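# Structural description and commentary
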Amino acid sequence: MERMNVTLLIPVVLGWIAGLFINYVSDVLPITRRFSQPACTRCQNPFSWKDYLLLRSCQNCGKARSLRTWLVQIFTTVAFVYFWLFPSERLGIPLTMIVLIYFSIITVIDLEHRLILHPTSLVGAVLGLIVGTFIYSKKYTLLGSLGQSLLGGVIGFGIMYLLYQLGTLVARYRARRMQAAGQPDDEEEALGGGDVYLAGVLGLLLGPAIVSALAYGILLGGLVSIIFILALLVRRRYSSDALMTFIPYGPYFILGAFYLLFFLN
Ligand SMILES: [Zn+2]
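Treat the numbers as computed from the prediction; the structure is a model and nothing was measured.

Secondary structure assignment for the protein chain yields 10 helices and zero strands. Expressed along its principal axes, the backbone C-alpha trace of the protein chain runs to roughly 70 × 55 × 35 Å. Taking all 265 residues of the protein chain together, the buried fraction comes to 42%. Sequence-distant contacts in the protein chain: of pairs separated by 6 or more residues, those separated by 24 or more amount to 70%. Within the structure as shown, the protein chain displays about 15100 Å² of accessible surface, and the carbon and sulfur contribution to it stands at 68%. Across the protein chain, the mean location of the 20 positive side-chain charges is 3 Å away from that of the 13 negative side-chain charges.

As a further point, take unusual backbone geometry. In this model, Q44 sits at a positive phi of 65 degrees, which is unusual for a non-glycine residue. Among the secondary structure elements, Q44 is positioned in the loop between α2 (9–32) and α3 (49–53). On the accessibility criterion, Q44 (54% relative accessible area) is exposed.

Here we come to the coordination of the zinc ion. Taken together, C40 (SG), C43 (SG), C58 (SG) and C61 (SG) make up the protein donors of the zinc ion, found 2.3 to 2.4 Å from the metal. One can describe the site at the zinc ion as tetrahedral: its four donor atoms subtend angles covering 103 to 112 degrees at the metal.

This part takes up the packing of aromatic side chains. Counted according to the given criterion, the structure contains 19 aromatic pairs. Taken together, a centroid distance of 6.2 Å and an interplanar angle of 80 degrees make the contact between Y24 and Y52 edge-to-face. Of this pair, Y24 sits in helix α2 while Y52 sits in helix α3, placing them 28 residues apart in sequence. With respect to class, Y24 is no different from Y52; both count as buried. Pairwise contacts between aromatic rings join Y82, F83, F86, F258, F262 and F263 into one cluster.

Definitions and cut-offs
Residues numbered from 1 in each chain as written. Predicted model: local features only at pLDDT ≥ 70, side-chain atom pairs only at ≥ 80, totals over all residues. Heavy atoms only, no water. Helix = DSSP H or I, 4+ residues; strand = E, 2+ residues; numbered from the N terminus. Buried < 20%, exposed > 50% of the residue type's maximum accessible area, 1.4 Å probe, protein only. Contact = heavy atoms within 4.5 Å. Areas by Shrake-Rupley, 256 points an atom, 1.4 Å probe, with all protein chains shown as cover. Lys, Arg positive; Asp, Glu negative; His and termini not counted. Charge placed at Lys NZ, Arg CZ, Asp CG, Glu CD. Donors = N, O, S within 2.8 Å, 3.2 Å for Na, K, Ca; no water. Tetrahedral: all angles 85-135°; square planar, octahedral: opposite > 155°, others 65-115°. Phe/Tyr/Trp six-rings, centres within 6.5 Å; stacked < 30°, edge-to-face > 60°.

Any functional reading would require information beyond the geometric quantities listed.
Right under this line is the structure:
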């Protein structure tokens, strides 16, 4: 018992460091598109690395670090301890931690910027191919498991590509109607193009099981949207525009994949 408590320090420390990394990438990548020096979101004054990593407030304007920064630190640390104690049988501890970091970065950036960046999708594709092949290698030959991973990637990308095209058609139809009604086109997109790449990445990770992950994600996203619309109705703020509001499916797909990967052994 005593020894277990001491070894638990390992996932606590690793989780905290992983949280710092997730926060750093989420802070700089959507803004500068490279691994730049982090800066204050209010006054743009660059942080010193020491202040940044110690989660100190901005030395120039005094702005405290965002709530998200703290939530990510806590979530990552708790998640690392949990998966340290109850690792996913299919992935093992190291791959679990890496996938967890990747999923967190995509989710934070998508929630804050409604963006899925191409460089993160590219990194995800490499990671997905490695993880997907690893998962299937217990049942298939190396080439066979590589094939399962690739098949999943093609299925995930293909399904979302078709849905995306369908969404574009609807958006075009709506734009024409709005123009006819004399309203300016607001260029609302029902489904982001980044979701198509994300579905491909998750497909590489999961293999053909990606179909279930997408189904979970779409169901969950739809359910949350219905609750959101009901809440608007109750507060009498509903307009027909609410129906066309962009749904960031990315986080829901991630949740679906997360469930399949880590809790369904
Ligand atoms: Zn500042």
